[in-house]
Amino acid sequence: MTEKLPQKRILTGDRTTGRLHLGHYVGSLQSRVALQNQYDTFILLADIQALTTHFEHPELIHDSIYQVAIDNLSVGLDPNTVTLVQQSQITAIAELTEIYSLLVTVNTLRHNPTIKTEAKNYGYDDLTFGFLGYPVSQSADITFCKADLVPVGEDQAPHMELTRKIVRRFNELYGANLPEPQMMLSNCGRLMGLDGNAKMGKSLGNAIYLSDDAETVSAKVKKAVTDTTRISVKDPGHPEVCVVSRYHSIFNSSEAENICEMCKGAKIGCVACKKLLAEKLNALLDPFREKRAYYEAHLPEVKEIIMAGSERANRIGNETMREVKEAMHIAL
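Definitions and cut-offs
Residues numbered from 1 in each chain as written. Predicted model: local features only at pLDDT ≥ 70, side-chain atom pairs only at ≥ 80, totals over all residues. Heavy atoms only, no water. Helix = DSSP H or I, 4+ residues; strand = E, 2+ residues; numbered from the N terminus. Polar contact = N/O pair within 3.5 Å; in protein donor to acceptor, adjacent residues only side chain to side chain. Contact = heavy atoms within 4.5 Å. Disulfide = S-S within 2.5 Å. Phe/Tyr/Trp six-rings, centres within 6.5 Å; stacked < 30°, edge-to-face > 60°. Buried < 20%, exposed > 50% of the residue type's maximum accessible area, 1.4 Å probe, protein only.

Draft legend 1. Layout of the side chain of Arg 9. Mapping Arg 9 onto the fold places it in strand E1 (residues 9-15). Side chain to side chain, Arg 9 and Asp 40 meet in a polar contact 3.1 Å long. The contacts of Arg 9, once residues within four sequence positions are left out, are Tyr 39, Asp 40, Phe 42, Cys 145, Lys 146, Ala 147, Asp 148, Leu 149, Arg 312 and Ile 316.

Here you go:
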């Protein structure tokens with residue numbers, strides 16, 4: 001991979017706990033594709049952070065490293081443009097995590113709202129050091145390559161604020177000049193799950209995956225929650241409470257308003273409405289499936305893309321660590 005001219009840098013990524021779904025696409029992946037030629041883009045395959053909740057299932061992590069990489073490539077990220085990075089292979093991330101942990105109190109981490117929410121979701125009463133400290137690890141992810149911009153969802157905003165505080169504190173203490181990363185919030189918000197849950201999630205069983213085939217997508221859409229008060233096609237619908245209507249507004253925006261009006265006027269039933277949505281979703285996913293089929297048939301190529309990206313990331317991270325250690329007066 002040839003080195004690029006100096007460019008603003010983006011760091012974003014995914015925990016490798018399973019294949020990615022439409023929520024990931026609207027929340028992050030489509031913006032990665034749009035920005036990949038404007039920024040030096042790093043895509044982190046966050047296997048260490050995946051282990052904070054899945055350490056008892058390392059086989060899932062191993063498979064997911066490939067699957068998450070393929071999901072990113074299948075939606076249009078160019079391996080000759082972006083840098084895919086396996087988190088566990090980057091020594092600077094481990095070193096910075098240790099250094100940054102000295103600058104953050106345990107109480108700060110315990111009061112992090114995202115940590116509290118995720119601990120509740122996983123049923124954790126007694127937190128491991130790794131789980132409690134993964135926002136510190138995320139700070140290391142962002143700063144090892146001196147990322148300027150980090151696209152995040154609202155739930156990750158507290159982690160970004162912590163990263164900015166750590167960078168400021170480090171610079172103040174050691175006279176260093178690590179860049180303070182900026183946060184870019186997704187303007188799409190969270191994609192609701194098919195069951196009406198506020199979040200589409202891997203563990204909730206309410207997701208459409210980028211790797212789902214056409215029949216699976218259609219079957220899942222058929223089961224999606226609609227207006228529960230609408231008993232008959234002749235009854236006027238209430239699209240404002242219907243999951244399928246919300247999906248139309250995102251994935252079928254040109255027709256969404258007309259479909260809503262027909263629903264309110266009892267001129268279209270839920271079955272027909274769901275069929276239209278399934279067609280739109282499959283039209284979106286078809287080119288992704290084609291690219292996925294290629295990469296699944298060429299896994300050694302995927303491995304080489306990850307290894308080459310990780311090698312470049314290590315070169316950059318090693319230079320960052322040289323500067324960090326010099327600033328801290330621990331370089332010999």
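Draft legend 2. Up close: the state of the cysteines. This model, assessed by the stated rule, comprises 0 disulfides. Cys 242 takes part in no disulfide bond, and the closest cysteine sulfur to it belongs to Cys 273, at a distance of 6.0 Å. This cysteine, Cys 263, is not joined by any disulfide, and Cys 270 carries the nearest cysteine sulfur, 6.3 Å off.

Draft legend 3. Fine view of the packing of aromatic side chains. Within this structure, the stated rule accounts for 9 aromatic pairs. Look at Tyr 100 and Phe 170: their rings are 6.3 Å apart centre to centre, the planes differ by 75 degrees, and that puts the pair in the edge-to-face class. Of this pair, Tyr 100 sits in helix H4 (residues 91-100) while Phe 170 sits in helix H9 (residues 157-174), and the two are 70 residues apart along the sequence. The burial state of Tyr 100 is the same as that of Phe 170; both residues are buried. Relative to Tyr 134, the ring of Phe 131 has its centre 5.7 Å away and its plane inclined at 75 degrees; by these criteria the two rings are edge-to-face. The same class applies to Phe 131 as to Tyr 134, namely buried. Taken together, the aromatic side chains of Tyr 122, Tyr 124, Phe 131 and Tyr 134 make up a single cluster linked through ring pairs.

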